[in-house]
Amino acid sequence: MSEPELRQTLKDLVEQEALPATYVNTAEQTILPLVEHLVALQRSANRTIVVGIHGAQGTGKSTLALFLREILGKHYHCPTASFSLDDLYLTRAERCELAERIHPLFRTRGVPGTHDVGLGQQVIKQLRAAQAIDQTPIPMFDKSVDDRVPRSEWPVFRGPAQVILLEGWCVGARPEPDQALEQPMNLLEAEEDADALWRRTVNNCLKGSYRRFFDDLDTLVMLKAPSMDSVREWRTLQEHKLAEKIKNAPKVGEGSDAAQSLRIMTDAEVARFIMHYERVTRACLNEMPDRANVLIEVAEDHSLGLPRFRT
């Protein structure tokens, strides 16, 4: 496709995602160099590559993944599959069982230990081995009802993928030293995890099954938030947008909207929810910029800096 056609694709995506018109410039300056980097990486490897996209809540991971997938597929003849770590969350029933068996805090989705990483590995394996006629189901999670979408409703990716994008808030995260877990990070840990069982289990997951999952990554892209305060603000805004989306959705049957709204959090609930993520988020903000293969700074206004490639 020509340069005008590429620019039109960018404009269409900006309009589709209700982004500011200036995001076209962001895409040209930040996303297109990343696209070219990934194309070169895939061609050099001459096989399917797995790209991890890390970023705290609200940094724009899903938007970046969407632009990469569409541009790579349409303009670089590079079939690209993408899914989110969020779509690998255990079902509500599975998390309730985990909460009963290990610690009540595992009822809340988010931290390492609340994902089915085996499912993620299976999806990557299928995408790598797929033939032209094959269809790979891609998992989906519905946050508005806090549960996984039935498998029969998962989207499918047709044929083999040359690039696989895995985006998520703790993608590529590493465990902390055991001694760092001794002191609580926030009120949630102090009051609800006084014996540190929950956070030690989370850390052990990062040492084990999650490390093996993240070992599949060929390259790691980090969208770096400016601070934990920004993460809190952005995550609260996300919940407001989700509530508005559900409020404006067509009603299907009496009481359906009310039932969905039960899963929308108040600002106070969001603040508590974020405490579940705080320890791992702070650790990543501290140590990941020095090892990410690509670092993109995210400003307070959500604008993206130029990508910095680590050689």
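Presented here is an overview of the structure given in this document. Predicted model, so just to flag it, every value in this text is computed and none were measured.

### Focus on the pattern of salt bridges
Okay, step 1: A full pass over the atoms with the stated rule returns 23 salt bridges.
Okay, step 2: Residues Arg199 and Asp193 are paired through a salt bridge, measuring 3.0 Å at the closest nitrogen-oxygen approach.
Okay, step 3: Across the pair Arg282 and Glu278 runs a salt bridge, and its minimum N-O distance is 2.8 Å. Taken as a pair, Arg282 and Glu278 lie in helix H11 (residues 267-287) at a separation of four residues, close to a single helical turn.
Okay, step 4: Residue classification places Arg282 among the partly exposed residues on the basis of a relative accessible area of 34%.
Okay, step 5: On the accessibility criterion, Glu278 (5% relative accessible area) is buried.
Okay, step 6: Taken together, the salt bridges that share partners define one network made up of Glu176, Glu189, Asp193, Arg199 and Arg279.

### So, the pairing of strand S9 (residues 294-297)
Okay, step 1: Of the strand pairs in this sheet, strand S8 (residues 219-224) and S9 are connected by four bridges, and their pairing is parallel. Counterpart to Lys224 in the pairing with S9 is Glu297.
Okay, step 2: Pairing of S9 with strand S10 (residues 308-309) involves two bridges; the strand directions are antiparallel. Following the sheet pairing, Leu295 is matched in S10 by Arg308.

### Looking at the nonpolar core
Okay, step 1: Core analysis: the largest hydrophobic core is formed by 87 residues, its most contacted members being Ile31, Phe67 and Leu68.
Okay, step 2: For this core, the element with the most residues is helix H2 (residues 23-45), which contributes nine residues.

### A short note on empty space enclosed by the protein
Okay, step 1: Applying the stated criterion across every chain yields a total of two cavities of 30 Å³ or more.
Okay, step 2: By volume, the largest cavity amounts to about 110 Å³.
Okay, step 3: Lining the largest cavity are 14 residues, with Glu176, Val202, Asn203, Arg279 and Val280 sitting closest to its centre.
Okay, step 4: For the lining of the largest cavity, the secondary structure elements donating two or more residues are helix H7 (197-207) and H11.
Okay, step 5: Taken together, the residues that form the lining of the largest cavity break down as seven nonpolar, two polar and five charged.
Okay, step 6: Reported here for the second largest cavity is a volume of approximately 50 Å³.
Okay, step 7: If you list the elements that add at least two residues to the lining of the second largest cavity, you get S8 and H11.
Okay, step 8: In terms of residue class, the lining of the second largest cavity is made up of seven nonpolar, two polar and one charged.

### A short note on the sheet that holds S8
Okay, step 1: Read from one edge of the open sheet, six strands run S2-S7-S1-S8-S9-S10, paired in mixed fashion. Only two strands of the sheet have a single neighbouring strand rather than two, namely strand S2 (80-84) and S10.
Okay, step 2: This element, helix H3 (residues 61-75), spans strand S1 (49-55), S2, strand S7 (163-168) and S8 of the sheet and lies at about 170° to S7.
Okay, step 3: Contacting S1, S2 and S7, helix H5 (residues 117-129) runs over the sheet at an angle of about 175° to S2.

### A few points about helix H1 (residues 3-16)
Okay, step 1: Between its first and last C-alpha, H1 extends 20 Å over 14 residues, near the 20 Å set by a 1.5 Å rise per residue.
Okay, step 2: Among the residues of H1, Leu6, Thr9, Leu10, Leu13 and Val14 are the ones counted as buried. Mapping the buried residues of H1 onto a view down its axis gives an arc of 135°, with all of them on the same face. Within H1, the exposed residues directed more than 90 degrees away from the buried face are Pro4, Glu15 and Gln16.
Okay, step 3: Buried residues in H1 make contact with H2 and H3.
Okay, step 4: Just beyond H1, the residue with positive phi is Ala18, at close to 55°.

### Here we look at the packing of helix H9 (residues 228-248) against H11
Okay, step 1: Across the interface, H9 lies against H11 with an axial gap of 9 Å and an inter-helix angle of 140°. In this view, H9 runs oblique relative to H11, as classed from their interaxial angle. The interaxial crossing formed by H9 with H11 has right-handed handedness. Contacts between H9 and H11 pair Met228, Val231, Arg232, Arg235, Thr236, Glu239 and His240 from the former with Asp267, Val270, Phe273, Ile274, Glu278, Thr281, Arg282 and Leu285 from the latter.
Okay, step 2: The class makeup of the residues in the contact of H9 with H11 is six nonpolar, three polar and six charged.

What counts and what doesn't
Throughout this document, residue positions are counted from 1 along each chain, in the order its sequence is written. Per-residue local features of the predicted model are confined to residues with pLDDT of at least 70, and side-chain atom pairs are confined, for both listing and counting, to 80 or more; whole-chain, interface and lining totals are unaffected and use all residues. Each side-chain value is worked out from all heavy atoms of the structure, with water and hydrogens disregarded. By definition here, a salt bridge exists when the distance from a side-chain nitrogen of Lys or Arg to a carboxyl oxygen of Asp or Glu is within 4 Å. Helix and strand labels come from DSSP, where a helix needs a run of H or I of at least four residues and a strand needs a run of E of at least two; each type is numbered from the N terminus. The buried label goes to any residue with under 20% of its type's maximum accessible area, the exposed label to any with over 50%, and the partly exposed label to all in between, with areas taken from a 1.4 Å probe on protein chains only. In this scheme, strands are said to pair when DSSP sees at least two bridges between them. What we call a nonpolar core is a set of buried Ala, Val, Leu, Ile, Met, Phe, Trp, Tyr and Cys residues that are connected through their side-chain atoms within 4.5 Å. The way it works is a 1 Å grid over only the protein atoms, where trapped points that fit a 1.4 Å probe form a cavity and open points with protein on both sides within 12 Å along at least five of seven lines form a pocket, and then any residue with an atom within 4 Å of a point lines it. Grid points are joined across faces, edges and corners, and a volume is the space filled by probe spheres set on the points. Any residue outside Ala, Val, Leu, Ile, Met, Phe, Trp, Tyr, Cys, Pro, Asp, Glu, Lys and Arg is labelled polar, Gly included; the first ten of those are nonpolar and the last four are charged. Only heavy atoms enter the contact rule, under which two residues are in contact if any of them lie within 4.5 Å. With axes taken as lines fitted to C-alpha atoms, and helix axes fitted only over the stretch in contact, angles between N-to-C directions fall between 0 and 180 degrees. Each helix should span, by expectation, one fewer than its residue count multiplied by 1.5 Å. Throughout, the arc means the angular range of directions from the helix axis out to the C-beta atoms. Our angle categories are set so that under 35 degrees counts as roughly parallel, over 145 as roughly antiparallel, 65 to 115 as roughly perpendicular, and the remainder as oblique. Handedness of a crossing is defined here by the sense of rotation of the near helix relative to the far one, left-handed for an anticlockwise turn of less than a right angle and right-handed for a clockwise turn.

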